[in-house]
Amino acid sequence: MEARKTIVLCMLANEARQIDDPRYQFETEEKDHVVVKCVINNAEVLDVPGIEYRLHPNKTTENRLDALEVLIKDNTKRFSDVFRQLPYGIIKKNVTGIGATTLALTAENNCIVVCPTRSLAYEKYRKGIAPDGTEKYLYVGSAIGNIQKVSAEKIRAYLSNTEIPHKKILVVADSLPRLMEYLPLNLEKWHIMIDEIDSYQTDGVYRPALEDVIDYFFRFPERNRCLVSATIRPFSDPRLADLPLIDVKYEQFIRRPIHMIRTLNIAGSVAKTLKQITRQYPEDKIVVAYNSVSSMRVIIELLPDELKGQCEIWCSSQSEQQAGEYYPQKEIGTHLNKQITFLSCTFFTGIDIEDRYHLISVSDTRYLYTLLSPEKLLQIAGRCRHKDGLLSERFIYDIRARQTGEKKFDKQHNIACAEWIIKLFDLMNLGIANYNDVLHANAVRSVVNQVSGWKVSYGGSVPISLVRYNIEEKLTISYLNLDALEEFIRLRSQLYFDARAIITALEQDCEILEIINDEEPYSNKQQAIEIAVSDELKAIQNANIDECARLLKDRIADGSMSKNLMAQVERIASRELKVFISRFYQLMDYAPHEYLVDILSEARDKDNKWFRGFYNAVLFNALDQEHPFRTLIQSYFKPGERYSTEKIYEHMVAIFNASGLKIIKKPATAVSYLQSFCTLKRGKNCGTGKNYYRVEDYQSQKYLGKNHIEIPHIIDKFKLAGSVMKLK
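In this text the structure is predicted, and so the values were computed from the model without any measurement.

K.L.:
Would you explain the overall build of the chain in this entry?
P.N.:
The number of helices and strands found in the chain is 27 helices and 26 strands. Against the globule reference of 27 Å for 728 residues, the chain gives a C-alpha radius of gyration of 29 Å, in line with a compact fold. For the chain, the spread of C-alpha atoms along the three principal axes comes to 105 × 70 × 55 Å. Counting across all 728 residues of the chain, residues that qualify as buried make up 52%. Counting only contacts in the chain whose residues sit at least 6 apart along the sequence, the fraction spanning at least 24 positions is 70%. Accessible surface for the chain amounts to roughly 34,800 Å². Of this, 49% is attributable to carbon and sulfur atoms. Seen as two clouds, the 97 positive and the 96 negative side-chain charges of the chain have centres 5 Å apart.

Laid out in structure tokens, this is it:
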């Protein structure tokens, strides 16, 4: 066996030299013509029987590898049996729970492990606490469990502790910039591992800080950095796409057996399935992965009373109130506390559950944030770390109707557009620098801000920016946003609109045991439960908004209200409270704070269309008296005069065209915009029978109320209306 292994290593090294791809490192040490040591991508290969290595040359480009495949023949082997430390580049594990993070935390080097969530970082941190309370690792992130936000003194003390030869830091992605402030400028003695990199490709839209993590990643030496996940998709970012790929596979690949249940009644089918499993296996535990706490509550209420008491909801602390009595009463660990445990997306990755259980994963097309890809289903199944695996796995889902008229997403087209925006940005800044005696700098900057702030949306997605400012304050392409948008399109417009598409996707890694079309009826009882749960959660939301409004008024009264304070509050607010906080934050520079609190509190149930109108009404009144957009409105629409819908449309198209804005397509849209800028009274011409609108004044009573509000004219006349108002 030793001789065979030596030959394999020799062949690997020789083949690598022939290909000569500079991104990969292959070094061997021989003694008496025998290979005694092999290093691949800065990681020593351990001479363990049962491991094979294969190079995959690119078929079109000479001297380029697509991947180095590490084939593990024994399913009991872990990463520490393959490498002495993590190799640099992209590490695709293909399966969960093989100890990549463990190796990063035990290898003889200084290593920063960047985790996408607090729960994942905290879970790994706790494993480094000795029985006597000694902490092997440092956790850097916001408060969780029994630890508070780490102080600057603790970070410095850990880094300078000579009794810890190899420093290991678990940092939440959002806190990496803070940690970097304490690290030396020369990072030669530090390694960085970004764990669960696939989540960055989906969550970057909601957490811009994840893109910053990639920027910091490339500050570390090439041979000291790696990205890790079991489910890696192709990267849009050419820097990431060019990294060497270590593809770890088990030769004895076992397909996950899974039951697929298609339904039109998600909550009813999940409750029905829970009752079936508990009747058949009364002692077994069950986990339901469903990223909707409100839907979890409905499902629990559909269960018999004896099962309700056996339910627990594992979700983020921001959703504790929504979980109510089902929120864990003790710290979440590696064992399930109740017979039935519901998991939100906070626990879809990272957490290790050492029990065996039946898994039910749920994908609900009514709520886009609940959609599950085949890769995410693998991650969820990987939470079970029991040696014998899951007891069973079920996937409950629905199929949405095909939508007509949706824009097609072309990623390369969007990348080209982003590149054009950056070139335009650079040219305009060059113009400001070289021709400031001719150009008005503020006017040019307004154009720059408007163009760089453009957002796109496809198929109902969250609007995303094509460009971003990196950690060097340089405008660059937002590649993670594009990755997230591409994944959203795949889920919403491909996998879940065709009954066959999701089945075909799962067949690649799963053994589909059965496909059931569940016709669970939607009962009056379920309808009543949904109304009751909705009313309860709405009451909680209202109470939270009332309390938040009171606290905001206290800060306004004592003079401590600030933009920085509200930015911090917005980051930690629950999903239900975030809308109220975000709306206040967007407008706090333009209108009296107490007035905003009152209006937004009263309008808490208003939709985004109302807020756009209110926002534009405030911003219009904040425009300088000589602002071009204001003067155009006032010149085209005179107080006391009557205007037909057609005439309003004609004038508004001219105004938007002159202001460099997107042309309005419908007359009703033109009237809607004008109602944000003016008070309009509707009437009917008795002679013609046609409706008309009369302009009363230039402060919208529809949005701002009948009492005149003093809004300072703080928006400079050179700032483009489209760069500050919601007119796109």
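K.L.:
Would you mind going over the sheet that holds strand β26 (residues 691-697) with me for this structure?
P.N.:
Within a sheet, neighbouring strands are paired by backbone hydrogen bonds and run either parallel or antiparallel to one another. Across the sheet, three strands lie side by side as β24-β26-β25; this open sheet has antiparallel pairing. The strands lining the two open edges of the sheet, one partner per strand, are β24 (642-643) and β25 (679-684). Here β25 pairs with β26 via six bridges, running antiparallel. By the bridge assignment for β26, Thr679 is matched with Asp697.

K.L.:
What is the right way to look at the packing of aromatic side chains in this model?
P.N.:
Between two aromatic rings, the relevant description is the distance of the centres plus the angle of the planes. Inspection of every chain in the model, using the stated rule, returns 17 aromatic pairs. When the centroid spacing of 6.4 Å and the interplanar angle of 80° are considered together, the rings of Phe620 and Phe629 count as edge-to-face. On the basis of relative accessibility, which here comes to 0%, the residue Phe620 falls in the buried class. Within the aromatic cluster, the residues linked to one another by ring pairs are Phe620, Phe629, Phe656, Tyr673 and Phe677. One cation-aromatic arrangement involves Lys563 over Tyr585; the distance from NZ or CZ to the ring centre is 4.4 Å.

K.L.:
I would appreciate a short explanation of the sheet that holds strand β15 (residues 311-314) in the present structure.
P.N.:
Taking strand neighbours across the sheet as the criterion, the seven strands line up as β15-β16-β14-β17-β18-β13-β23 in an open arrangement whose pairing is parallel. Two strands lie at the open edges of the sheet, namely β15 and β23 (510-518), each paired on one side alone. On average, adjacent strands in this sheet sit at an angle of 20° to one another, irrespective of strand direction. Relative to strand β16 (residues 340-343), strand β14 (residues 286-289) runs parallel, the two being bridged by four bridges.

K.L.:
Looking at this structure, I do not really get the pattern of salt bridges. What am I missing?
P.N.:
When the charged atoms of two side chains lie near each other, side chains of opposite charge can form a pair. According to the stated counting rule, one finds 42 salt bridges in the structure shown. Among the ionic pairs, Glu52 bridges to Arg54, the shortest N-O distance being 3.6 Å. Residue Arg54 is classed as partly exposed on the basis of its relative accessible area, which comes to 36%. The closest approach of N and O atoms between Lys387 and Asp388, which form a salt bridge, is 3.2 Å. Residue Lys387 is classed as exposed on the basis of its relative accessible area, which comes to 73%.

Thresholds, definitions, all that
- Residues numbered from 1 in each chain as written.
- Predicted model: local features only at pLDDT ≥ 70, side-chain atom pairs only at ≥ 80, totals over all residues.
- Heavy atoms only, no water.
- Helix = DSSP H or I, 4+ residues; strand = E, 2+ residues; numbered from the N terminus.
- Rg over C-alpha atoms; globule rule 2.2 N^0.38 Å.
- Buried < 20%, exposed > 50% of the residue type's maximum accessible area, 1.4 Å probe, protein only.
- Contact = heavy atoms within 4.5 Å.
- Areas by Shrake-Rupley, 256 points an atom, 1.4 Å probe, with all protein chains shown as cover.
- Lys, Arg positive; Asp, Glu negative; His and termini not counted.
- Charge placed at Lys NZ, Arg CZ, Asp CG, Glu CD.
- Pairing = 2+ DSSP bridges.
- Phe/Tyr/Trp six-rings, centres within 6.5 Å; stacked < 30°, edge-to-face > 60°.
- Lys NZ or Arg CZ within 6 Å of the ring centre and 35° of its normal.
- Axes fitted to C-alpha atoms, helices over the stretch in contact; angles between N-to-C directions.
- Salt bridge = Lys/Arg side-chain N within 4 Å of Asp/Glu carboxyl O.

Just distances and angles here, no functional claims.
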